[in-house]
Amino acid sequence: MIIDIFTDGSCYYKSGNGGWAAIVVLRKRALDLDDLSRDMIGYQSGDTMKIISAGQRDTTTNQMELHGVLAALRFAHKTRMKRADDLHMRIFTDSSYSKHSITKWYRAHLRNGWQNSLGEPVKNQKLIRTARGLLNDIDDCTTIHKVKGHVGHHYNEIADHNAGLERKKLEV
């Protein structure tokens, strides 16, 4: 079974209100990663979609992006615990920061005592550590990929729209 999860986060800098979304797509058949980048659509007949989203006050864009990925990882972790058979989950984010914080930069943060290159504490440590802990439990069946945002990718646009809706709910 293939499950693709598309995430996004949104924050309005003036108010600090933000929103995030994770779009869970249950696929009838696997869609090759090359197809995702080539046609920028990603939709197949027979896909089933579930939207997970929320808003938060006093936040940042990076925090909202991480919350979207964290929601995807929680869904993936819960699904993995229920199904031990052939399962592959792919998480797609348009945030390089989120992807790299959980994957590429994580070991360096550990090695450097959670200090960045300027000697300051790494921001969003709790979110990053939680996300990495979940990923460690399911890394045998879960991969994280970067997609370009705002270029017409069907599910990334849905994630972006829903993250924005959650943010706007807090603006009233």
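Presented here is an overview of the structure given in this document. (Residues numbered from 1 in each chain as written. Predicted model: local features only at pLDDT ≥ 70, side-chain atom pairs only at ≥ 80, totals over all residues. Heavy atoms only, no water.)

Here we come to the overall build of the protein chain. Scanning the protein chain for helices and strands turns up six helices and five strands. N-terminal to C-terminal, the α/β element order of the protein chain is β-β-α-β-α-β-α-α-α-β-α. Counting all 172 residues of the protein chain, 48% fall into the buried class. Considering only contacts within the protein chain whose residues lie at least 6 apart along the sequence, 74% involve residues at least 24 apart. Carbon and sulfur atoms form 51% of the exposed surface of the protein chain, whose accessible area is close to 9,000 Å². (Helix = DSSP H or I, 4+ residues; strand = E, 2+ residues; numbered from the N terminus. Buried < 20%, exposed > 50% of the residue type's maximum accessible area, 1.4 Å probe, protein only. Contact = heavy atoms within 4.5 Å. Areas by Shrake-Rupley, 256 points an atom, 1.4 Å probe, with all protein chains shown as cover.)

A separate point is the nonpolar core. Across soluble globular proteins, nonpolar side chains show a tendency to be buried alongside one another. The biggest cluster of nonpolar side chains holds 29 residues, and the ones touching the most others in it are Ile-3, Ile-5, Leu-73, Met-89, Ile-91, Ile-102 and Ile-128. Listed by contribution, the elements that provide at least two residues to this core are strand S1 (2-12), strand S2 (17-27), helix H2 (61-82), strand S4 (88-93) and helix H5 (125-138). In terms of residues, this core owes the most to one element, H2, which gives nine residues. Look past the residues within four positions of Ile-5 in its chain and what remains in contact with it is Ala-22, Ile-23, Val-24, Ala-72, Phe-75, Arg-90, Ile-91 and Phe-92. Grouped together as the second largest cluster of nonpolar side chains are eight residues, Ile-23, Val-25, Val-147 and Ala-159 included. (Core = buried A, V, L, I, M, F, W, Y, C linked by side-chain atoms within 4.5 Å.)

Glancing now at the environment of Leu-73. On the secondary structure map, Leu-73 appears in helix H2. A sequence separation of 18 residues divides Leu-73 from Ile-91, and the C-alpha atoms of the two residues are 8.0 Å apart. Filtering out sequence-adjacent residues up to four positions away, Leu-73 remains in contact with Ile-91, Ala-131, Leu-134, Leu-135 and Ile-138.

What follows concerns the side chain of Ser-95. As for its position among the elements, Ser-95 is in the loop between S4 and helix H3 (96-102). Judged by its relative accessible area of 8%, Ser-95 is buried. Within the local environment of Ser-95, its side chain forms a polar contact with the backbone nitrogen of Ser-98, the two atoms lying 2.9 Å apart. Discounting chain neighbours no more than four positions away, the residues touching Ser-95 are Glu-65 and Lys-146. (Polar contact = N/O pair within 3.5 Å; in protein donor to acceptor, adjacent residues only side chain to side chain.)

Moving residue by residue along a regular strand, the side chains alternate between the two faces of the sheet. A large share of S4 lies buried, amounting to five of its six residues. When S1 meets S4, the two strands line up parallel, connected through six bridges. Bridge pairing in S4 links Ile-5 to Ile-91. (Pairing = 2+ DSSP bridges.)

Turning our eyes to something else, we now look at the sheet that holds S4. Sheet strands pair by backbone hydrogen bonding; their relative direction is either parallel or antiparallel. Pairing is mixed in the open sheet, where five strands are placed in the order S3-S2-S1-S4-S5. Every other strand in the sheet has two partners, leaving strand S3 (48-56) and strand S5 (142-146) as the edge strands with one partner each. Shown here is a sheet whose adjacent strand axes are inclined to one another by a mean of 20 degrees, direction ignored. As judged from the eleven bridges shared by S1 and S2, these two strands associate in the antiparallel manner. Residue pairing in the sheet places Cys-11 in a bridge with Gly-18 of S2. (Axes fitted to C-alpha atoms, helices over the stretch in contact; angles between N-to-C directions.)

Mapped onto the elements of the fold, Asp-137 is located in helix H5. Between the C-alpha atoms of Asp-137 and Leu-73, which are 64 residues apart in sequence, the distance is 9.9 Å.

Even without a glycine there, the phi angle at Trp-114 is positive, about 60 degrees. Structurally, Trp-114 is set in the loop between helix H4 (106-111) and H5. For Trp-114, a relative accessible area of 6% gives the class buried. Positive phi is not limited to glycine here, since Asn-124 has a value of about 65 degrees. A residue is classified by how much of its surface remains accessible, and Asn-124, at 16% relative accessible area, is buried.

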